[in-house]
Amino acid sequence: MSEDVKPDVKPDIQKIQLQVKFDGSTVKFAIKRTQTLEKVFNAAAVSFMLHSTSKSYKHSVFQKQFNTELKSMKFIYDGQRVRGEQTPDDLEMEDDDVIDAHLEQLGGGF
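Residues numbered from 1 in each chain as written. Predicted model: local features only at pLDDT ≥ 70, side-chain atom pairs only at ≥ 80, totals over all residues. Heavy atoms only, no water.

J.: Give me the pairing of strand 5 (residues 97-103): which residues, what numbers.
T.: Inspection of the sheet shows strand 1 (residues 15-22) paired to strand 5 by four bridges, in the parallel sense. Within the sheet, the bridge partner assigned to Lys21 lies in strand 5 and is Asp100. Where strand 3 (residues 73-77) meets strand 5, four bridges bridge the pair, whose relative direction is antiparallel. Of the residues in strand 5, the one forming a bridge with Phe75 is Ala101. (Pairing = 2+ DSSP bridges. Helix = DSSP H or I, 4+ residues; strand = E, 2+ residues; numbered from the N terminus.)

Next up, the structure:
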């Protein structure tokens, strides 16, 4: 009696569709449920910046503004701030869930 031996097959890692919204714009992403959200945040920040800036920027100016803007952005899901090292599985996200992006404001009044 012989047993069927199956070759090593990579497990099917389910992908999830997410939306990131900022200032009236929406960007959609498909990522693995176990992938950190950092790449999504970076790509969303670039997309939102390109949408809101002039195309006449030099690369160095764009890079500087991108680094500044990314550091000042915060991402909110289900009322809680999301960190880049978290995954959709960590947050129990489902298809088409929305992450809201905001520019963080520091300081206060006079």
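Having seen the model, we can carry on.
J.: Lay out the packing of aromatic side chains with the relevant residues and their values.
T.: Counted according to the given criterion, the structure contains one aromatic pair. Arranged with centres 3.9 Å apart and planes meeting at 0 degrees, the rings of Phe41 and Phe75 form a pair that is stacked. Pair noted here: Phe41 is in helix 1 (residues 38-52) and Phe75 is in strand 3, with a separation of 34 residues, a long-range link. Of the residues examined, Phe41 reaches a relative accessible area of 5% and is grouped as buried. You can call Phe75 buried: its relative accessible area is 4%. (Phe/Tyr/Trp six-rings, centres within 6.5 Å; stacked < 30°, edge-to-face > 60°. Buried < 20%, exposed > 50% of the residue type's maximum accessible area, 1.4 Å probe, protein only.)

J.: How would you explain the sheet that holds strand 3 if you had to name every residue and give the values?
T.: The mixed open sheet is built from five strands, whose spatial order is 2-1-5-3-4. Both outer strands of the open sheet, strand 2 (25-32) and strand 4 (80-82), are each paired with one neighbouring strand and no more. Between one strand axis and the next, the sheet turns through 35 degrees on average, direction left out of account. (Axes fitted to C-alpha atoms, helices over the stretch in contact; angles between N-to-C directions.)

J.: Help me get a handle on the pattern of salt bridges, residues and values and all.
T.: Pairing is possible between side chains that carry opposite charge, provided their charged atoms lie close to one another. For the structure shown, the criterion picks out two salt bridges. Ionic pairing is found between Arg33 and Asp89, a salt bridge with its closest N-O pair at 2.8 Å. Of the two residues, Arg33 is situated in the loop between strand 2 and helix 1 and Asp89 in the loop between strand 4 and strand 5; the sequence distance between them amounts to 56 residues. According to the relative accessible area criterion, Arg33 is buried, its value standing at 16%. Where Glu85 meets Arg83, a salt bridge forms, and the shortest distance between an N and an O atom there is 2.7 Å. Residue classification places Arg83 among the partly exposed positions, given a relative accessible area of 46%. (Salt bridge = Lys/Arg side-chain N within 4 Å of Asp/Glu carboxyl O.)

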